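Here are the chains, one letter per residue:
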Amino acid sequence: MIPFFDIKAENKVHIDSFTKELQLFMHSGQYIMGDAVRNFEQKYAAFCGSNYCVGTSNGLDALRLIFEGYKSLGQLQDGDEVLVPAHTYIATALAVIQSGLKPVFVEPSDGSFNMDVEQAEQLTTSSVKACLVVHLYGQLVDVNLFRTFAKKHGILLIEDAAQAHGAVSQNGQKAGAIGDAAAFSFYPTKNIGALGDAGAVTTNNELLAKEIKTLQNYGSPKKYVHEKVGFNMRLDALQARFLSLKLVNYTTDCERRIAIASRYLDEINNSKILLPTCELDGSHVFHLFVVRVANRNDFMEFLTTRGVGSLVHYPIPPHKQKALSEYNQLSLPLTKKYHNEVVSIPLYTSLSENQVQHIIDVLNAY
Ligand SMILES: *Cc1c(COP(=O)(O)O)cnc(C)c1O
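No experiment lies behind these values; they were computed from the predicted model shown.

1. Observations concerning the overall build of the protein
Along the protein, the regular secondary structure elements total 13 helices and 9 strands. Computed over its C-alpha atoms, the radius of gyration of the protein comes to 20 Å, within 12% of the 21 Å expected for a compact globule of 366 residues. Here the C-alpha coordinates of the protein stretch approximately 65 × 55 × 40 Å along the principal axes. In the protein, of all internal contacts separated by at least 6 residues, the share reaching a separation of at least 24 is 71%. Split by element, the accessible area of the protein, about 16200 Å² in all, is 51% carbon and sulfur.

2. So, the sheet that holds strand 7 (residues 199-203)
The 7 strands lie next to each other as 1-7-6-5-4-2-3, forming an open sheet whose pairing is mixed. Single-partner strands in this sheet number two, and they are strand 1 (52-56) and strand 3 (102-106). Neighbour-to-neighbour, the strand axes of the sheet open up by a mean angle of 20 degrees, direction not taken into account. As paired elements, strand 6 (residues 181-185) and strand 7 share 5 bridges and run antiparallel to each other. Counterpart to serine 185 in the pairing with strand 7 is glycine 199. Where helix 4 (residues 59-72) meets the sheet, its contacts fall on strand 1, strand 2 (81-85), strand 4 (128-134), strand 5 (156-160), strand 6 and strand 7, and the angle it forms with strand 6 comes to roughly 160 degrees.

3. Focus: the state of the cysteines
For the structure on display, the rule yields 0 disulfides. Unpaired in terms of disulfides, cysteine 254 finds its nearest cysteine sulfur in cysteine 48, a separation of 11 Å.

4. Details of the domain arrangement of the protein
You'll often see interface size given as the accessible area lost when the parts meet. According to the domain assignment, the protein consists of domain 1 (7-248) and domain 2 (250-365). Inter-centroid distance (C-alpha atoms) of domain 1 to domain 2 is 24 Å. Facing the 39 residues of domain 1 at the interface are 35 residues of domain 2. Around 3100 Å² of area is buried between domain 1 and domain 2 when both sides are counted, 59% of it from carbon and sulfur atoms. Of all residues in domain 1, the largest losses of buried area upon contact with domain 2 belong to Phe105, Tyr137 and Asn191, amounting jointly to 22% of the total for that side. There are 0 salt bridges connecting domain 1 and domain 2. Taken together, the links from domain 1 to domain 2 amount to 24 residue pairs in polar contact (both at pLDDT 80 or more). Contributions of two or more residues to the side of domain 1 that touches domain 2 are made by helix 1 (7-12), helix 5 (91-98), strand 3 and helix 9 (237-248).

5. Some remarks on the packing of aromatic side chains
Evaluated as defined, the whole model comprises 18 aromatic pairs. Between phenylalanine 40 and phenylalanine 186 the ring centres are 5.5 Å apart and the planes differ by 80 degrees, which places this aromatic pair in the edge-to-face class. Of this pair, phenylalanine 40 sits in helix 3 (residues 35-48) while phenylalanine 186 sits in the loop between strand 6 and strand 7, placing them 146 residues apart in sequence. Taken individually, phenylalanine 40 and phenylalanine 186 each receive the classification buried, so the pair is uniform in this respect. Of note, lysine 174 hangs over the ring of phenylalanine 47, and the distance from its end group to the ring centre comes to 3.9 Å.

6. Structural notes on the nonpolar core
In a soluble, globular protein the nonpolar side chains are often hidden away together inside. Core analysis: the biggest nonpolar cluster contains 39 residues, and Tyr264 and Phe299 have the highest contact counts within it. Elements represented by at least two residues in this core include exactly helix 10 (250-267), strand 8 (289-292), helix 11 (296-305), helix 12 (333-341), strand 9 (342-345) and helix 13 (353-365). When residues of this core are assigned to domains, at least three map to each of domain 1 (7-248) and domain 2 (250-365). Every residue in contact with tyrosine 264, bar those within four places of it in the chain, is listed here: Leu275, Phe289, Ile345, Pro346, Leu347, Leu351, Val356, Ile359 and Ile360. Counting residues in each nonpolar core, the second largest holds 34 residues, with Phe18, Phe47, Ile192 and Ala240 among its members.

7. Topic: the site of the ligand
As a structural note, the neighbourhood of the ligand is formed by Asn58, Gly59, Leu60, Tyr89, Ala91, Val134, Asp160, Ala162, Gln163, Ser185, Tyr187 and Lys190. In the environment of the ligand, an oxygen atom lies 2.8 Å from a nitrogen or oxygen atom belonging to the backbone of glycine 59. Interatomic distance of 2.6 Å between a side-chain N/O atom of serine 185 and an oxygen atom of the ligand. Starting from 380 Å² of accessible surface for the ligand in isolation, the protein chains cover 90%.

8. A look at the pattern of salt bridges
Side-chain pairs of opposite charge can arise where the charged atoms are in close proximity. Counting across every chain of the model gives 12 salt bridges. Two residues, arginine 256 and glutamate 353, come together in a salt bridge whose shortest N-O distance is 2.7 Å. Of the two residues, arginine 256 sits in helix 10 while glutamate 353 sits in helix 13, which places them 97 residues apart along the sequence. On the basis of relative accessibility, which here comes to 21%, the residue arginine 256 falls in the partly exposed class. Note on glutamate 353: relative accessible area 40%, which makes it partly exposed. The shortest N-O distance in the salt bridge between lysine 337 and glutamate 341 comes to 3.0 Å. Here the residue lysine 337 and the residue glutamate 341 both occupy positions in helix 12, the gap between them amounting to 4 residues, near one helical turn. Relative accessible area serves as the criterion here: at 37%, lysine 337 is assigned to the partly exposed category.

What counts, and at which threshold
Sequence order sets the numbering: in each chain, residues are counted from 1 along the sequence as written. Totals for whole chains, interfaces and linings use all residues, but because this is a predicted model, local features are given only for residues with pLDDT of at least 70 and pairs of side-chain atoms are given and counted only at 80 or more. Side-chain numbers come from the whole structure's heavy atoms, not from hydrogens or water. Numbering of helices and strands runs from the N terminus; a helix is a DSSP stretch of H or I covering at least four residues, while a strand is a stretch of E covering at least two. Restricting the calculation to C-alpha atoms gives the radius of gyration, and the globule rule supplies 2.2 Å times the number of residues raised to the power 0.38. A contact between two residues is defined here by any heavy atoms of the two lying within 4.5 Å. Accessible surface is estimated by sampling points in the Shrake-Rupley manner with a 1.4 Å probe; for residues, cover comes only from the protein chains shown. Two strands make a pair as long as DSSP finds a minimum of two bridges between them. Lines fitted to C-alpha atoms define the axes, with helix axes restricted to the stretch in contact, and inter-axis angles between N-to-C directions lie between 0 and 180 degrees. Count a disulfide wherever a pair of cysteine sulfur atoms falls within 2.5 Å. Throughout the structure description, domain borders are defined by an automatic or database domain assignment. The quantity reported as buried area is the accessible area (1.4 Å probe) lost by two parts once they are put together, taken as the sum for both. Take a side-chain nitrogen of Lys or Arg and a carboxyl oxygen of Asp or Glu: if they are within 4 Å of each other, that pair is a salt bridge. Any pair of nitrogen or oxygen atoms within 3.5 Å is treated as a polar contact; in protein, a donor-acceptor pairing is required on top of that, and neighbouring residues in sequence qualify only through side-chain atoms on both sides. The aromatic pairing rule takes the rings of Phe, Tyr and Trp, using the six-membered ring of Trp, and pairs them if the centres are within 6.5 Å, calling planes under 30 degrees apart stacked, those over 60 edge-to-face and the rest tilted. Think of it in three bands: with a 1.4 Å probe and only protein chains considered, a residue is buried below 20% of the maximum accessible area for its type, exposed above 50%, and partly exposed in between. Ring-over charges, as used throughout, are those where CZ of Arg or NZ of Lys falls within 6 Å of the ring centre and within 35 degrees of the ring normal. We call a set of buried residues a nonpolar core when its members are Ala, Val, Leu, Ile, Met, Phe, Trp, Tyr or Cys and they connect through side-chain atoms within 4.5 Å of each other. Residues are classed as near a molecule or strand on a simple rule: at least one heavy atom within 4 Å of it.

As structure tokens, then:
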């Protein structure tokens with residue numbers, strides 16, 4: 001059986017260096033914040049090509065802190081509207097709602113899984129103050145289109161880059177340095193995964209970075225001085241150490257992911273399976289390889305019986321979840337269609353060429 005994802009195999013190459021790092025950590029006596037966190041923040045900012053990085057407790061909190069930071073700076077107010085993609089993981093919308101803002105759900109564009117800029121344009125009223133794009137499945141949104149759109153309306157452009165570490169547009173704009181601020185998740189199954197919860201905010205805005213640093217640490221710019229009603233949303237120091245080690249070889253990991261995707265795109269040839277529309281130029285880092293089929297249950301069953309794991313990202317759209325009941329009546333036909341058709345097939349760095357071949361053979365035999 002080829003599992004959909006093999007997290008133990010993915011982390012196996014790091015076990016020796018992680019074990020040494022754990023020893024250093026235990027003897028350091030510095031278990032909250034400190035040099036390890038600062039070190040990772042510097043490395044990750046440099047990796048993204050952004051001026052500042054603030055490590056956070058997880059990806060949801062990274063998004064939360066961006067919104068809370070802008071509110072604290074007076075650039076967003078309670079009740080302001082934020083454009084969000086309807087086709088995404090629920091965290092995107094939750095961060096907006098939990099920050100006292102209102103999500104405005106935008107359909108994906110036909111043929112891509114990402115937010116459609118024309119629909120975003122149509123939904124932009126004077127109440128809309130920000131656009132939260134998601135580089136879904138690891139694929140960058142059309143960077144130039146969205147930057148132009150945000151600029152034209154004078155609204156903030158925020159990236160949910162939780163699935164897109166290292167994705168870079170053709171003209172060199174990297175996830176995390178595209179919008180006004182970006183949120184990353186290092187949840188263990190993400191392209192750069194910690195051994196627990198972790199996340200980060202990147203931005204070129206010094207004031208925002210400072211505000212977020214204060215807010216994430218009890219609103220305290222200085223020990224026992226509290227200027228804001230803050231949170232505890234700090235990046236764990238041990239995870240920061242692991243992440244610094246993982247970052248070293250991440251570019252190679254990305255290349256491996258793209259190489260597997262390239263084989264899938266070239267060699268899967270079956271009229272019943274719709275392959276994703278994407279480029280192999282680095283603008284998609286293939287957090288997930290998502291195909292579309294008409295009869296999903298049948299297809300997934302076929303894969304299972306032939307030893308290929310698969311998953312659905314995601315089976316129920318956020319606006320149809322009970323938690324978001326006030327949005328349940330929205331009609332978003334393309335989002336609904338995609339949610340009914342998408343299937344993710346295995347794509348991770350520890351897959352062997354034989355396994356990749358088997359996956360291709362099984363999909364072609366469907
Ligand atoms: C994983 C993910 C998040 C949330 O990250 P956590 O670290 O789990 O809080 C947010 N948005 C998207 C698109 C994600 O995939």
